[in-house]
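Residues per chain, in single letters:
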Amino acid sequence: MTQILAEWLGFLPIEAVEALASLLAILALAVVVILCVAYTTWLERKVIGFMQLRQGPNRVGFRGLLQPFADVLKLLVKEIVIPGQANRWLFLTAPILALVPALAAWAVIPAFPGFAIADLDAGLLYLLSMTSLGIYGIILAGWASNSKYALLGAMRSAAQMVAYEIAMGFALVGVLMASGSLNLGEIVARQSGGMSQWFIWPLAPLFLVYFISGVAETNRAPFDVAEGESEIVAGFHVEYAGATFAMFFLAEYANMLLIATLTAVLFLGGWDSPFSGLIDPGLPVVGMLAAPGLFWLAAKTFVFLFVFLWLRATFPRYRYDQIMRLGWKVFIPVTLVWIGVEAVFSVLEIGPFA
Amino acid sequence: MQLLVDWFPFILFSGWSGMLIASALGVILARNPVHSVLFLVLCFVISAAIWLLLHAEFLAVALVLVYVGAVMVLLLFVVMMLDIKAERMREGLVRYAPFGVLVGLLLAAQLASVWWLRDSGMELLAQPQTPYFSEGNTRALGELLYTEHLYAFEIAGYILLLAIVGAITLTLRRRGGLRVQQVSEQVAVRPEDRVRLVKMKAERPE
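Quantities reported herein were computed from a predicted structural model and do not represent experimental measurements.

Novice: Is there a simple way to explain the packing of aromatic side chains in this structure?
Specialist: Any pair of aromatic rings gets described here by the distance separating the centres and the angle formed by the planes. Residue and element names in this part refer to chain A. The full count for this structure, using the stated rule, is 21 aromatic pairs over all chains. Aromatic pair phenylalanine 91 and tyrosine 240: ring centres 4.2 Å apart, planes at 5°, arrangement stacked. Separated by 149 residues along the polypeptide, phenylalanine 91 in helix α4 (residues 88-104) and tyrosine 240 in the loop between α9 (229-232) and α10 (242-267) bring together distant segments of the chain. Classification of phenylalanine 91 as buried rests on a relative accessible area of 0%.

Novice: Can you walk me through the confidence of the model for chain B in this structure?
Specialist: Parts of the model with low pLDDT should not have their predicted coordinates read in detail. All names here are of chain B. Here chain B averages 82 in pLDDT, and 88% of its residues register 70 or above. Highest mean pLDDT in chain B belongs to helix α7 (residues 150-171) (93); lowest belongs to helix α4 (residues 86-90) (65). Interface confidence for the predicted complex, given as ipTM, is 0.82, next to a pTM of 0.84.

Novice: What exactly am I supposed to notice about the interface of chain A and chain B here?
Specialist: It is common to report an interface's size as the accessible area lost on association of the parts. Of the residues lining the interface, 32 residues belong to chain A; the matching set on chain B comes to 27 residues. Taken over both partners, the interface formed by chain A and chain B buries close to 2,400 Å², and the fraction arising from carbon and sulfur atoms is 76%. A per-residue breakdown of the area chain A buries against chain B is headed by Tyr136(A), Trp143(A) and Met155(A), which together make up 24% of the total. Here chain A is connected to chain B by zero salt bridges. The interface formed by chain A and chain B holds three residue pairs in polar contact (both at pLDDT 80 or more) in total. Examining the composition of the side of chain A that touches chain B, we find that eleven residues originate from one element, helix α5 (residues 123-144) of chain A, more than from any other.

Novice: Is there a simple way to explain the pattern of salt bridges in this structure?
Specialist: When charged atoms on two side chains of opposite charge get close, those side chains can pair. Evaluation of the coordinates by the stated rule reveals eight salt bridges over all chains. Here Glu252(A) and Arg220(A) are joined by a salt bridge, their closest N and O atoms 3.3 Å apart. One end of the pair, Glu252(A), is in helix α10; the other, Arg220(A), is in the loop between α8 (204-217) and α9, and 32 residues separate them in sequence. Notably, a salt bridge pairs Asp193(B) with Arg190(B), separated by 3.6 Å at the nearest N-O pair. With a relative accessible area of 46%, Asp193(B) lands in the partly exposed category.

Novice: It is not clear to me how unusual backbone geometry should be interpreted in this structure. Could you clarify?
Specialist: Peptide bonds are trans in most cases, and residues, glycine excluded, mostly fall at negative phi. All names here are of chain A. With phi around 50°, arginine 63 is a residue other than glycine that occupies positive phi space. Mapped onto the fold, arginine 63 is located in the loop between α2 (14-51) and α3 (67-77). Of the residues examined, arginine 63 reaches a relative accessible area of 56% and is grouped as exposed. Backbone geometry at asparagine 219 places phi at a positive 60°, although glycine is not the residue there. If you trace the backbone, asparagine 219 turns up in the loop between α8 and α9. For asparagine 219, a relative accessible area of 3% corresponds to the buried category.

Novice: Help me out: how do you make sense of the packing of α5(A) against helix α6 (residues 148-179) of chain A in this one?
Specialist: In a packed pair of helices, the relevant descriptors are the angle between the two axes and the axis-to-axis distance. Residue and element names in this part refer to chain A. Packing of α5 against α6 brings their axes to within 8 Å, and their N-to-C directions diverge by 175°. Classed by the angle they form, the pair α5 and α6 counts as roughly antiparallel. Residues Leu124, Leu128, Thr131, Ser132, Ile135, Ile138, Ile139, Gly142 and Trp143 of α5 lie in contact with α6, whose contacting residues are Ala150, Leu151, Ala154, Ser157, Ala158, Met161, Val162, Glu165, Gly169, Leu172 and Leu176. The residue inventory of the contact of α5 with α6, partitioned by class, reads 14 nonpolar, five polar and one charged.

Novice: What am I meant to see in the packing of α6(A) against helix α12 (residues 320-348) of chain A here?
Specialist: Residue and element names in this part refer to chain A. It is the contact of α6 with α12, at a shortest axis distance of 9 Å, that shows an interaxial angle of 15°. Here α12 runs roughly parallel to α6, going by the angle between their axes. Of the two elements, α6 crosses α12, and the hand of that crossing is left-handed.

Novice: Can you walk me through the environment of Asn183(A) in this structure?
Specialist: Residue and element names in this part refer to chain A. The topology assignment puts asparagine 183 in the loop between α6 and α7 (184-190). Owing to a relative accessible area of 5%, asparagine 183 belongs among the buried residues under this scheme. For the pair formed by asparagine 183 and leucine 120, sequence separation is 63 residues and the distance between their alpha carbons is 6.2 Å. For asparagine 183, the contacting residues outside a window of four places in its chain are Asp119, Leu120 and Asp121. Reaching out from asparagine 183, the side chain makes a polar contact with the backbone nitrogen of glycine 185 at a distance of 2.8 Å.

What counts and what doesn't
- Residue numbering note: each chain is counted from 1, following its sequence as written.
- Chain A is the first chain written and ligand 1 is the first ligand written, with later ones labelled in order.
- For this predicted model, a pLDDT threshold of at least 70 governs which residues receive local features, and a threshold of 80 or more governs which side-chain atom pairs are given and counted, while totals over whole chains, interfaces and linings are taken from all residues.
- Side-chain measures here rest on the full set of heavy atoms in the structure, leaving out hydrogens and waters.
- A pair of Phe, Tyr and Trp rings is counted when the ring centres sit within 6.5 Å of each other, with Trp represented by its six-membered ring. The angle between the planes then sorts it: under 30 degrees is stacked, over 60 is edge-to-face, the rest tilted.
- For the purposes of this entry, the term helix denotes a DSSP run of H or I that reaches at least four residues, the term strand denotes a run of E that reaches at least two, and both are numbered from the N terminus.
- Under the scheme applied here, a residue whose accessible area is under 20% of the maximum for its type counts as buried, over 50% as exposed, and between as partly exposed, the area being computed with a 1.4 Å probe on protein chains only.
- Along the chain, pLDDT gives the predictor's confidence residue by residue, from 0 to 100.
- Only heavy atoms enter the contact rule, under which two residues are in contact if any of them lie within 4.5 Å.
- Summed over both partners, buried area is the accessible surface (1.4 Å probe) that two parts give up on being assembled.
- What counts as a salt bridge is simple: a side-chain nitrogen of Lys or Arg found within 4 Å of a carboxyl oxygen of Asp or Glu.
- The term polar contact refers here to a pair of N or O atoms within 3.5 Å; inside protein, the definition further demands a hydrogen-donor-capable atom paired with an acceptor-capable atom, and it admits residues adjacent in sequence only when both atoms are side-chain atoms.
- Angular values range over 0 to 180 degrees, each being the angle between N-to-C directions of two axes fitted as lines to C-alpha atoms, with helices fitted over their stretch in contact.
- Here the angle decides the label: under 35 degrees means roughly parallel, over 145 means roughly antiparallel, 65 to 115 means roughly perpendicular, and every other value means oblique.
- Three classes are used: nonpolar for Ala, Val, Leu, Ile, Met, Phe, Trp, Tyr, Cys and Pro, charged for Asp, Glu, Lys and Arg, and polar for all others, with Gly counted as polar.
- For a crossing to be left-handed, the near helix must be turned anticlockwise from the far one by less than a right angle; the clockwise case is right-handed.

Right under this line is the structure:
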């Protein structure tokens with residue numbers, strides 16, 4: 001793309017053209033992510049509706065397909081209410097602080113072979129740091145609202161996110177040990193060669209820990225004590241309305257999508273085909289199944305996204321002390337033990353260490 | 001246009017440095033302690049950005065991850081929970097001022113020693129040279145830490161571990177009379193322990 005732009009805009013220095021090209025790539029990715037988020041809300045209502053023997057949205061457009069746009073429009077034109085005693089400046093900054101890291105983390109995701117907006121060497125670390133920043137939006141929203149419910153929600157979510165971040169970090173250490181790189185593109189490349197090469201097999205416990213911690217990190221059911229509708233109304237975002245509420249909503253779903261994509265990238269080979277190495281790519285029609293591409297990443301992400309919705313429809317909310325117990329006393333020891341097991345693997349040259 | 005491109009790193013550096021100094025002032029001048037903490041967060045993020053200009057991407061990301069993502073979250077947590085009155089904190093200002101000035105001067109002297117170092121003929125890298133980081137600076141750092149500086153690294157790790165154990169021992173207190181859930185007992189419970197089945201006739205005997 002840089003070459004095409006350089007031909008059009010020959011009068012600009014090459015650095016400016018590169019900057020423009022990456023801006024366009026960022027814009028394209030952001031639009032795709034936001035559209036996916038919009039349709040995730042639709043999918044969520046449809047899937048949960050299906051599980052509860054209801055229809056889900058079916059009035060706006062064919063089978064409710066235009067529902068997300070109607071919702072966005074409604075949220076954008078609603079009044080933004082700022083509570084009288086709220087800390088006005090922080091109250092309005094908090095939604096931005098929640099949304100920005102959720103979108104920024106997408107920069108290092110390898111969407112298809114040879115594409116990532118920022119091909120960082122420390123990509124995995126960058127991801128960890130971005131996901132850990134999202135917590136500021138939630139804490140500040142809770143504090144700045146000057147509401148008891150909001151503060152309680154913020155405190156719960158802060159403790160929860162700090163606890164699960166550690167387990168998540170250790171799970172990523174496991175991936176790092178197996179792949180020998182922090183670069184996400186290289187991690188995917190290490191898993192190429194079909195299903196049997198995926199890290200989900202040698203790192204099965206870490207995969208489970210990572211995904212469940214991801215559900216907890218995004219404050220989704222059954223770990224949604226931060227919102228806890230039946231206990232603290234809506235937790236940290238009780239006081240938010242209209243566009244500011246929409247930003248929290250967008251951030252939550254963007255994070256959900258991110259965790260689903262990351263699980264696919266780190267443990268299921270990302271854009272690589274599950275059948276590469278099993279099917280000869282030279283075959284007509286069937287051979288296409290062996291080709292790597294965005295399609296495979298999207299398919300794997302969809303599976304995990306469905307699991308997110310499935311969990312929400314299935315499980316009752318965890319109690320607060322049970323969440324803490326699971327995070328600190330179950331997940332962290334499991335990851336630590338498996339890192340030790342991986343060290344043994346690497347000495348014996350088993351699996352990805354061969 | 002070319003001029004802008006050439007000076008771009010300098011513009012970024014001076015812009016970020018200015019913001020860094022401004023937010024550092026914000027830390028000590030803000031009236032609200034929560035605002036101070038947030039200014040400190042901003043300081044860390046901007047320092048990370050300045051490190052990125054030096055191609056020190058591992059350090060930059062680690063700074064954001066460790067300090068912004070973990071340490072400052074806990075600090076913010078504590079500051080929000082504490083009932084801090086700004087007026088009472090200002091009471092000791094005059095008393096502690098000389099000490100503060102002394103520490104400030106020491107720090108300034110340390111920073112100024114860079115000038116002395118530059119003239120002392122020590123081998124300095126004017127600009128980070130790309131070949132130096134050819135294998136990625138995360139790997140380069142890791143190789144140095146785990147070979148040449150292994151002992152120092154391990155000792156630092158033990159000191160941190162000691163600090164963790166110390167902090168927990170100091171703050172851990174066991175309160176008696178708490179009703180704590182025993183999960184293993186709950187899981188291991190059998191119907192016989194909890195339910196007593198009583199056999200009796202459906203009708204009262206005449």
